[in-house]
2 protein chains.
Amino acid sequence: MFRRRTFLRYSHHLFQPKFALDDGIKSIPTHELFQTLGFIKQSQSGLVHWLPMGLRTLNKVESIIRHRMNEDGDALEVSLSALSPRSLWKKTHRWSGNELFKLKDAKKADYCLTPTCEEDITNLMNEYITSYRDMPITVYQITRKYRDELRPRGGLLRGREFLMKDAYSFASNEEEALQIFQKINTVYNKIFQDLKIPFVSAWADTGDIGGDLSREYHYLHENGEDTLLTCDSCGNVSNVEKCESFPEEVGLHSGDVSVKYALSKDHNTLVCFYYPSNRQLSWNLAMDSVEGDVDVALKNESNETVLKTFERPEDEIMFSKVFRVMDCRINSRSNFPDFPLTKYLKSNFGQLNEVSLVAAETGELCASCEEGHLYGNASIEVGHTFHLGTKYSEPMESKFTDRNNNSNSIPQMGCYGIGISRLVGAIAEVTRDSKGFKWPSNISPYSISICGKNEQLVQETRRKITSQDVFFQFSPKLGLGARIKLSHALGIPLAIIVGPKSWPKVEIEVRGQRWGAGETWKQAYELHNREYDWQIISSGDNTEKHLVPIEYLTEVCNFLLRDL
Amino acid sequence: MFRRRTFLRYSHHLFQPKFALDDGIKSIPTHELFQTLGFIKQSQSGLVHWLPMGLRTLNKVESIIRHRMNEDGDALEVSLSALSPRSLWKKTHRWSGNELFKLKDAKKADYCLTPTCEEDITNLMNEYITSYRDMPITVYQITRKYRDELRPRGGLLRGREFLMKDAYSFASNEEEALQIFQKINTVYNKIFQDLKIPFVSAWADTGDIGGDLSREYHYLHENGEDTLLTCDSCGNVSNVEKCESFPEEVGLHSGDVSVKYALSKDHNTLVCFYYPSNRQLSWNLAMDSVEGDVDVALKNESNETVLKTFERPEDEIMFSKVFRVMDCRINSRSNFPDFPLTKYLKSNFGQLNEVSLVAAETGELCASCEEGHLYGNASIEVGHTFHLGTKYSEPMESKFTDRNNNSNSIPQMGCYGIGISRLVGAIAEVTRDSKGFKWPSNISPYSISICGKNEQLVQETRRKITSQDVFFQFSPKLGLGARIKLSHALGIPLAIIVGPKSWPKVEIEVRGQRWGAGETWKQAYELHNREYDWQIISSGDNTEKHLVPIEYLTEVCNFLLRDL
């Protein structure tokens, strides 16, 4: 029934630019560059379609993370449904979270699209964990997650649908839980080392996920929306929300003072945090100053509401306990707000002086070593680990029988996230230059391109290269120069330039950045350049070129790729 | 800050049965068996969480499909957002489809979770396809899809969230489109051959997706919900909805006759399909009998509505054209319904006799060869290919400039689906037996298990096997017999039994089915049994066992796995 033709010539270059790239590329914002170069296509605000080129990089990053989670993290991979029923989110009081995409099925049951899976995974594990012998266990998944951001950022850094690796650990006691937390942080270090881009990790605020202990992984970059503070003496790095600092000299602030009221956990003590009005109170530092003895439920309440909660009968008010905490920057001549109680006994007052209550700023002293100065860096967060304790296992009613036969023990959890699509966006942002992307070779969509207008030589070159990771499907409209430019813009680390003039030798143009020491290829060159008839025809200034006979092309490319 | 311990002993057996399996396993329905054995966990009706064991099989099936789509299908992989805006579905009149999961975002914009992506992919390709030179192109994705079935089936066969490979082709003319349709059908044959399970492909009804040409891929199985009819002479296989048949003798039906009214495309002719009341009219056969000249929009309208549409003024009614189509099973003595028009001219009547209008039944004659008899088989559909023509590209306003510089040409599309999670469910259903699952070795969660209670020997055996695809993490509670039973139930084709008695020899128990000729291992045995000291210690009756020294274990396993 069909007429046969031997060959359908597929249009594999469809998503690529059909025009020669010009210098304008340097001013294209990264999230647009992804689209110009055919990595992704934005479908709606915060939603993207992954095109073949982008999907290759996404998959390579995914593989690196999966490999480390399996081999070094001893974690088991699962894949949970993206539809999660309302009942689970009611238990943890997160159903009202206004960034949840919610929907009803045909039977009017409520679901959300999972932004993260603490509820689902804990509910699932409840079916399997019954004894301390069932732990420790770490499970993870690499699936799409959903967050209905009102203002999604351009591109991949903050989307409404994103690919995330989320891992969850369950342990029978805190010691075990902290061991896993440490282990996964080691895994994260390896993952980020595998990805080659320099990174920093920092103790972090636990934010809305909550819990006790948390580390963040960041790429330092001027376009980042986070701020990290680093000490120039001890090297300690912290997220600004978690960083304690001191002024060079205490008590220099004589201007306005602000106050934030809080109550002790038993609601018997009014806690007053005083700090300079021109600075921002750090709730974490405030909490730490009173050793956590504040009711966190009142954190976001106004001072009026806190005072109202504290109100008591006329005859008791005299005996109200008050605890004042003074930021070390203010002094007694500072302009304090009115004290809220009219009747009190000074003997019921406590006071703490010279603590640091406000978010650190560049130039202040590091509270860790008390010697160095802090300097701030903009950064992009790319990973986060949390020790959660029982924050989710308790409301989800997880129970197990411990070593002492106590059947009401509650598992200690941890959770560990890497936004994989975000990571691709972050790496692009920190490595790109005026020519386009510049991927590390192990996550570049292809590690090698073949640029040439002579189809026969291109195909012959392709057959000589043993790797499958080779790009040669340029739009036929593009000339040789445009192909080399496009290869560089796509971020492919090696462009092989093939033409009848030099044949059977070919040029290799190095586009990729040399990471680490970046010198191992030189040893190979010293050792093999005669044997392979391998010449360096230019170097330095962004245009390193090698010349090599086609029969040694694979070997030379492999040597060069080691450092890229 | 952490106390260090050198070793955390992870509970990798968590999701497995903790009890010895008994004979009851044979009566567990397949969709429950998946849960009993820790492959999946149903979270809600029609929704599942994939557990580590199930995810391994799912990923292996996915890899086979991806490999064939890339290598043989010349297709490019993409990955589209699962959230699709209402506007696209309005264009194709599919927004009102009642199996769509719909949701609103924070800005009250309407989205659905994609059940299939004709709208999105066509909209995407509109951005890139401008010329005939941009085609042909086939793109595919392997992503989760959503369908809000009111009555989801148990397990994986019909879920509300499922993993699907969906491919879409775009061609500049029909010839090219049919070549791609043929090519993808060739790819499907290879995919289903790779999966080893015998399958049939059949011409099929195009259903709601629509289009002109369609093939289905099925596994024959008594628990299937589809019916295929096969001719015992010419071997032609068709879906019952597409199968034309003839009775052994025409005109034998003298009972009640039913009629279905239709109108010709120009609405000038009333078409009356007459068929035996005890049979089911096949709309496809009816259409074919009048060479497609019916208004399909009236397909599901009642006879009354069709007649109403046909109504015309008194003076015209006399000249109404009527065309009667008679199923070959009825005769003139059959009990016909009243003729609907009261005034007519017989000379305006046309009639077609001896066509087949009803769904075929077992025992009737095959209309293809007119010699053989048809027999019916229950089957499970596992793949579907469609030539769509311009069914989607037209409403989605796709345009390109063709060879003749006509800029209003419309691309010819095809779409091609394989439900991957459904396929896993179907393979389990058709291959399982009373002992549990029985996967082909290339999609078994593991190809080899090591069963033993002596941890040291198990670890030593594991180190001797070069493959990573080895399962040995049994629950410590299980004895040796229970481990072997579990390995068999999980469907792992080879169980290696390790114990101090036979050491340094080990037993290999063959669980898997031998597919194809299944004899290549015997040649290897003849050739190598002395060299490897390889003995067959029992064979036949479900308990084939081999004995081999540990140093040749990998070689012998590889030989055995070839046929499994």
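What you are looking at is a predicted structure, and each value in this text was computed from that prediction instead of being measured. Every chain's residues receive numbers from 1 upward, in the order its sequence appears when written. Note on labels: chains are lettered from A, ligands numbered from 1, in written order. Since the coordinates come from a predicted model, pLDDT governs what is reported: local features require at least 70, and pairs of side-chain atoms require 80 or more to be given and counted, while whole-chain, interface and lining totals use all residues. By convention in this description, side-chain values take in all heavy atoms of the structure and omit both hydrogens and water.

### A word on the overall build of chain A
Heads up, the condition is: Only DSSP runs of H or I covering at least 4 residues are called helices, and only runs of E covering at least 2 are called strands; the numbering of each starts at the N terminus. Partly exposed residues are those whose accessible area sits between 20% and 50% of the maximum for their type, while under 20% is buried and over 50% is exposed, using a 1.4 Å probe and protein chains only. Every accessible area reported is derived by Shrake-Rupley at a probe size of 1.4 Å, with residue values counting cover from the shown protein chains alone. In this tally, Lys and Arg are treated as positive and Asp and Glu as negative; His is ignored, and so are the chain termini. One atom stands in for each charge, and that atom is NZ of Lys, CZ of Arg, CG of Asp or CD of Glu.
Counting its secondary structure elements, chain A contains 13 helices and 26 strands. Based on the C-alpha atoms only, the size of chain A along its principal axes is roughly 100 × 60 × 45 Å. Taken over 564 residues, chain A has a buried fraction of 58%. Carbon and sulfur atoms provide 45% of the accessible area of chain A, an area that totals close to 24400 Å². Positive and negative side-chain charges in chain A, numbering 67 and 75 respectively, have mean positions lying 10 Å apart.

### Points about the pattern of salt bridges
Residues and elements named next belong to chain A. Operational definition: The rule for a salt bridge is simple: a side-chain nitrogen of Lys or Arg has to be within 4 Å of a carboxyl oxygen of Asp or Glu.
Here the structure, examined in full by the defined rule, presents 64 salt bridges over all chains. Across the pair D469 and R56 runs a salt bridge whose closest N-O atoms are separated by 2.8 Å. Separated by 413 residues along the polypeptide, D469 in the loop between α10 (455-464) and β22 (470-471) and R56 in helix α2 (residues 52-71) bring together distant segments of the chain. Take R56: its relative accessible area is 27%, and that puts it in the partly exposed class. In this structure, K505 engages D533 in a salt bridge whose closest nitrogen and oxygen atoms are separated by 3.0 Å. Separated by 28 residues along the polypeptide, K505 in strand β24 (residues 505-510) and D533 in the loop between α12 (520-532) and β25 (535-538) bring together distant segments of the chain. The class of D533 is partly exposed, set by a relative accessible area of 35%. The network of salt bridges with common partners includes R279, D327, R329, E361 and E364.

### A closer look at the domain arrangement of chain A
Rule in force here: These domain boundaries are the output of an automatic or database domain assignment.
Examined at the domain level, chain A breaks down into domain 1 (31-244 + 374-428), domain 2 (245-359) and domain 3 (436-561). Distance from the C-alpha centre of domain 2 of chain A to the C-alpha centre of domain 3 of chain A: 64 Å.

### Some words on the packing of aromatic side chains
Basically, it comes down to this: Each Phe, Tyr or Trp ring (for Trp, its six-membered ring) is paired with any other whose centre lies within 6.5 Å, and the angle between the two planes then decides the class: stacked below 30 degrees, edge-to-face above 60, tilted in between.
A full pass over the atoms with the stated rule returns 46 aromatic pairs over all chains. An angle of 75 degrees between the planes, with centres 4.9 Å apart, marks the rings of Y128 of chain A and F15 of chain B as edge-to-face. Pair noted here: Y128 of chain A is in the loop between α4 (118-126) and β7 (137-146) and F15 of chain B is in the segment before α1 (30-36), and the two residues belong to different chains. You can call Y128 of chain A buried: its relative accessible area is 12%. Residue F15 of chain B is classed as buried on the basis of its relative accessible area of 6%. Where Y188 of chain B meets F192 of chain B, the ring centres are 6.2 Å apart and the plane angle is 70 degrees; that geometry is what we call edge-to-face. Residue Y188 of chain B and its partner F192 of chain B are both found in helix α5 (residues 174-194); the two are separated by four residues, about one turn of the helix. Overall, Y188 of chain B belongs to the buried group, its relative accessible area being 0%.

### Some thoughts on the environment of A360 of chain A
Here A360 of chain A is to be found in the loop between β17 (349-355) and β18 (365-366). Linking A360 of chain A and N406 of chain A, residues 46 residues apart in sequence, is a C-alpha distance of 45 Å.

### Here we look at the sheet that holds strand β24 (residues 505-510) of chain B
All names here are of chain B. Operational definition: The pairing criterion for strands is at least two bridges between them, as found by DSSP. Should any heavy atoms of two residues lie within 4.5 Å, those residues are counted as being in contact. In this analysis an axis means a line fitted to C-alpha atoms, helices contributing only their contacting stretch, and an angle means the value between N-to-C directions, from 0 to 180 degrees.
If you trace the six strands from one edge of the open sheet to the other, you get β22-β21-β23-β24-β26-β25, paired in mixed fashion. Here the strands that pair on one side only, and so sit at the sheet edges, are β22 (470-471) and β25 (535-538). In terms of strand pairing, β24 meets strand β26 (residues 544-549) through six bridges, oriented antiparallel. The residue bridging V506 from the neighbouring strand is V548, located in β26. Taken strand by strand, helix α12 (residues 520-532) contacts β25 and β26, and its axis lies near 35 degrees from that of β26.

### What to know about the interface of chain B and chain A
Inclusion rule: Buried area is understood as the total, over both parts, of accessible area removed when two parts are fitted together, assessed with a 1.4 Å probe. Throughout this description, a polar contact denotes any pair of N or O atoms lying within 3.5 Å of each other; where both atoms belong to protein, one of them has to be capable of donating a hydrogen while the other can accept it, and for residues adjacent in sequence the pair is counted only when both atoms sit in side chains.
Facing 73 residues of chain B, the contacting portion of chain A comprises 73 residues. Together chain B and chain A conceal approximately 7100 Å² of surface at their shared face, both sides included; 60% is due to carbon and sulfur atoms. The tally of links from chain B across to chain A stands at six salt bridges. Ionic pairing is found between E127 of chain A and K41 of chain B, a salt bridge with its closest N-O pair at 3.4 Å. Across the chain B-chain A interface, the total number found is 32 residue pairs in polar contact (both at pLDDT 80 or more).

### What to know about the sheet that holds strand β16 (residues 321-327) of chain A
Residue and element names in this part refer to chain A. If you walk across this open sheet you meet the four strands as β14-β15-β16-β17, and the pairing is mixed. Each of the sheet's edge strands pairs with one partner strand only, and the pair in question is β14 (257-263) and β17. Geometrically, the sheet is characterised by an average inter-axis angle of 20 degrees between neighbouring strands, direction not taken into account. As paired strands, β16 and β17 are joined by five bridges and run parallel to one another. Across the sheet, the residue bridging to V322 is F349, located in β17. Seen against the sheet, helix α7 (residues 303-310) touches β14, β15 (269-276) and β16 and runs at an angle of roughly 40 degrees to β14.

### Here's the deal with the nonpolar core
All names here are of chain B. This is how it is decided: Think of a nonpolar core as a cluster: buried Ala, Val, Leu, Ile, Met, Phe, Trp, Tyr and Cys residues, connected wherever their side-chain atoms sit within 4.5 Å.
If you look at the biggest cluster of nonpolar residues, it comprises 67 residues, and the most contacted ones within it are L195 and L423. For this core, the leading source of residues is α5, giving nine residues. Here this core spans two domains, and each of domain 1 (54-230 + 376-428) and domain 3 (435-561) adds at least three residues to it. Apart from the residues within four sequence positions on either side, L423 is in contact with V61, I65, F192, L195, Y219, V382 and I418.

### A word on helix α9 (residues 420-431) of chain A
An α-helical segment advances 3.6 residues per turn. Residues three or four places apart therefore align on the same side. Residues and elements named next belong to chain A. To be explicit about the condition: Every helix has an expected span of 1.5 Å times one less than the residues it contains.
Its twelve residues place the ends of α9 16 Å apart at the C-alpha level, agreeing with the 16 Å of an ideal helix rising 1.5 Å per residue. Among the twelve residues that make up α9, eleven are buried, leaving the element largely enclosed by the rest of the structure. When α9 is considered as a whole, its buried residues turn out to be I420, S421, R422, L423, V424, G425, A426, I427, A428, E429 and T431.

### Thoughts on the pairing of strand β15 (residues 269-276) of chain B
Residues and elements named next belong to chain B. Among the eight residues in β15, eight count as buried, and that is most of the element. Two elements, strand β14 (residues 257-263) and β15, share seven bridges in a ladder whose sense is antiparallel. Residue S258 lies in a different strand from β15, and its bridge partner there is Y275. Adjacent in sequence and paired antiparallel, β14 and β15 are bridged by five residues, among which H267 carries a positive phi angle near 65 degrees. Of the strand pairs in this sheet, β15 and strand β16 (residues 321-327) are connected by six bridges, and their pairing is parallel. The partner of C272 across the bridge, within β16, is R324.

### Quick notes on unusual backbone geometry
With an omega of 0 degrees, the peptide bond running from M135 of chain A to P136 of chain A counts as cis. Locating P136 of chain A in the fold gives a position in the loop between α4 and β7. Across the junction of W503 of chain A and P504 of chain A, the peptide omega takes the value 5 degrees, indicating a cis bond. Structurally, P504 of chain A is set in the loop between β23 (494-497) and β24. The phi dihedral of K196 of chain B is positive, around 75 degrees, even though this residue is not glycine. Mapped onto the fold, K196 of chain B is located in the loop between α5 and β9 (200-203). With phi around 65 degrees, N405 of chain B is a residue other than glycine that occupies positive phi space. Judged by its relative accessible area of 63%, N405 of chain B falls in the exposed class.

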